[in-house]
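Geometric and topological summary
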Amino acid sequence: ATTPRTVSLGPSHHGRRDLRTTDRHKWRALHRVLKRTQHDINLYLDSIKGLEDEARACYEGTVTLSSNEFVEMMVLDGCFILELFRGAIEGFKKLGYSRKDPIFAMRASMHSLQRDMIMLENQIPLFILDRLLGLENGNPDQRGLVAKLAIQFFDPLMPTDES
């Protein structure tokens, strides 16, 4: 119940061999963001570097990743999460993914990802996601949009009043 089966997000399960399959999809998502925005990766890395201490403080215990590894993980995992949020709401095709994409268009994989993403030790701080989405949209200080996307993304998992 506390161990992700599909994707590692954040430092707690980072680098686990059985979760590395999804890493290539994280890189695809990052490349898609960079291509769509025409931004240089350093914009994201430098911005998140400025939030590193605050982000590290969100995790229990000592995070053993180097500064560069930690910042890269935050950008990579964060962009992956944002692509999932936006694709599920706006449509993956609109973001440039194929209808047959193994991660970004398949309902079965989406359910597994959602399950893993709600685990407390498998998350990225909201302010990191806010900054990344703000950079994508040209407003790095924007707040609140990611929370709205997350609510819509996770809505199918919410219990209903129906009996």
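One can find the structure itself at the top, above this paragraph.
Assigned secondary structure in the protein chain consists of 7 helices and 0 strands. Each helix and strand of the protein chain, placed in order from N terminus to C terminus, yields the pattern α-α-α-α-α-α-α. Computed over C-alpha atoms, the radius of gyration of the protein chain comes to 15 Å, within 12% of the 15 Å expected from 2.2 N^0.38 for 163 residues, which places it in the range of a compact globule. In terms of principal-axis extent, the alpha carbons of the protein chain reach across some 45 × 35 × 30 Å. Residues classed as buried in the protein chain amount to 46% of the 163 residues present. Summarising the internal contacts of the protein chain: among those between residues at least 6 apart in sequence, 65% fall at separations of at least 24. In the form shown here, the protein chain has an accessible surface area of approximately 9,100 Å², with 51% of it arising from carbon and sulfur atoms.

On to the pattern of salt bridges, then. Throughout the structure, instances matching the rule amount to 10 salt bridges. The salt bridge partner of Arg28 is Asp101, with a shortest N-O separation of 2.8 Å. Taken together, the residues span a long stretch of sequence, with Arg28 in helix H1 (residues 23-37) and Asp101 in the loop between helix H4 (67-90) and helix H5 (107-117) at a distance of 73 residues. Note on Arg28: relative accessible area 30%, which makes it partly exposed.

Now for the layout of surface pockets. Reported here for the largest pocket is a volume of approximately 280 Å³. Looking at the largest pocket, the residues that line it are Pro11, Ser12, Cys58, Tyr59, Glu60, Thr62, Val63, Leu120, Glu121, Gln123, Ile124 and Pro125. Its residues assigned to classes, the lining of the largest pocket comprises 7 nonpolar, 3 polar and 2 charged.

For any two helices packed against each other, the geometry is given by the interaxial angle and the distance between the axes. One can describe the packing of H1 onto H4 by two numbers: an axis separation of 8 Å at closest approach and a directional angle of 80 degrees. Considered as vectors, H1 and H4 are oriented roughly perpendicular to each other. For the pair H1 and H4, the contacting residues are His25, Lys26, Trp27, Ala29, Leu30, Arg32, Val33 and Arg36 in the first and Glu72, Val75, Leu76, Asp77, Cys79, Phe80, Glu83 and Arg86 in the second.

Turning our eyes to something else, we now look at the packing of aromatic side chains. For the structure shown, the criterion picks out 8 aromatic pairs. Look at Phe85 and Phe154: their rings are 5.9 Å apart centre to centre, the planes differ by 80 degrees, and that puts the pair in the edge-to-face class. You can see Phe85 sitting in helix H4 and its partner Phe154 sitting in helix H7 (residues 145-154), a full 69 residues away along the chain. Across the pair, Phe154 and Phe85 agree in class, each one buried. Ring centres of Phe92 and Phe104 lie 5.8 Å apart, and the angle between their planes is 50 degrees; on these two criteria the pair is classed as tilted.

A word on the packing of helix H6 (residues 126-137) against H7. Put simply, H6 and H7 touch, their axes get as near as 8 Å, and they point 105 degrees apart. Classified by the angle their axes make, H6 and H7 are roughly perpendicular. Contact residues: H6 offers Leu126, Leu129, Asp130, Leu133 and Asn137, while H7 offers Leu145, Val146, Ala147 and Leu149.

For the rest of this paragraph, the subject is the environment of Thr62. Structurally, Thr62 can be placed in the loop between helix H3 (52-56) and H4. Classification of Thr62 as exposed rests on a relative accessible area of 73%. Through-space distance from the C-alpha of Thr62 to that of Ser47 is 22 Å; in sequence the pair is 15 residues apart.

This paragraph deals with unusual backbone geometry. A positive phi angle, near 60 degrees, is found at Gln38, a position not held by glycine. Overall, Gln38 belongs to the exposed group, its relative accessible area being 65%.

Thresholds applied
Numbering of residues begins from 1 in every chain and follows the order in which that chain's sequence is written. Since the coordinates come from a predicted model, pLDDT governs what is reported: local features require at least 70, and pairs of side-chain atoms require 80 or more to be given and counted, while whole-chain, interface and lining totals use all residues. Hydrogens and waters are ignored; side-chain quantities use all the structure's heavy atoms. The numbering of helices and of strands both runs from the N terminus, where a helix is a DSSP run of H or I of at least 4 residues and a strand a run of E of at least 2. As defined in this context, the radius of gyration uses C-alpha atoms, and a globule is described by 2.2 Å times the residue total to the power 0.38. Only protein chains enter the area calculation, which uses a 1.4 Å probe; residues under 20% of their type maximum are buried, those over 50% are exposed, and those in between are partly exposed. Whether two residues are in contact is decided by their heavy atoms: any pair within 4.5 Å suffices. For the accessible areas, the method is Shrake-Rupley and the probe is 1.4 Å, while residue cover comes only from the protein chains on display. Each reported salt bridge corresponds to a side-chain nitrogen of Lys or Arg within 4 Å of a carboxyl oxygen of Asp or Glu. Only protein atoms enter the 1 Å grid used here, on which a cavity is any set of points holding a 1.4 Å probe that cannot leave and a pocket is any open set flanked by protein within 12 Å on both sides along at least five of seven lines; residues with an atom within 4 Å of a point are listed as lining. Grid points are joined across faces, edges and corners, and a volume is the space filled by probe spheres set on the points. In this count, Pro and Cys sit with the nonpolar residues alongside Ala, Val, Leu, Ile, Met, Phe, Trp and Tyr, while Asp, Glu, Lys and Arg are called charged and the others, Gly among them, polar. Note on definitions: angles span 0 to 180 degrees between N-to-C directions of axes, and those axes are lines fitted to C-alpha atoms, for helices only across the stretch in contact. These descriptions rest on fixed angle ranges, namely under 35 degrees for roughly parallel, over 145 for roughly antiparallel, 65 to 115 for roughly perpendicular, and the rest for oblique. Only Phe, Tyr and Trp rings take part, Trp by its six-membered ring, and two of them pair if their centres are within 6.5 Å. Stacked means planes under 30 degrees apart, edge-to-face means over 60, and tilted covers everything else.

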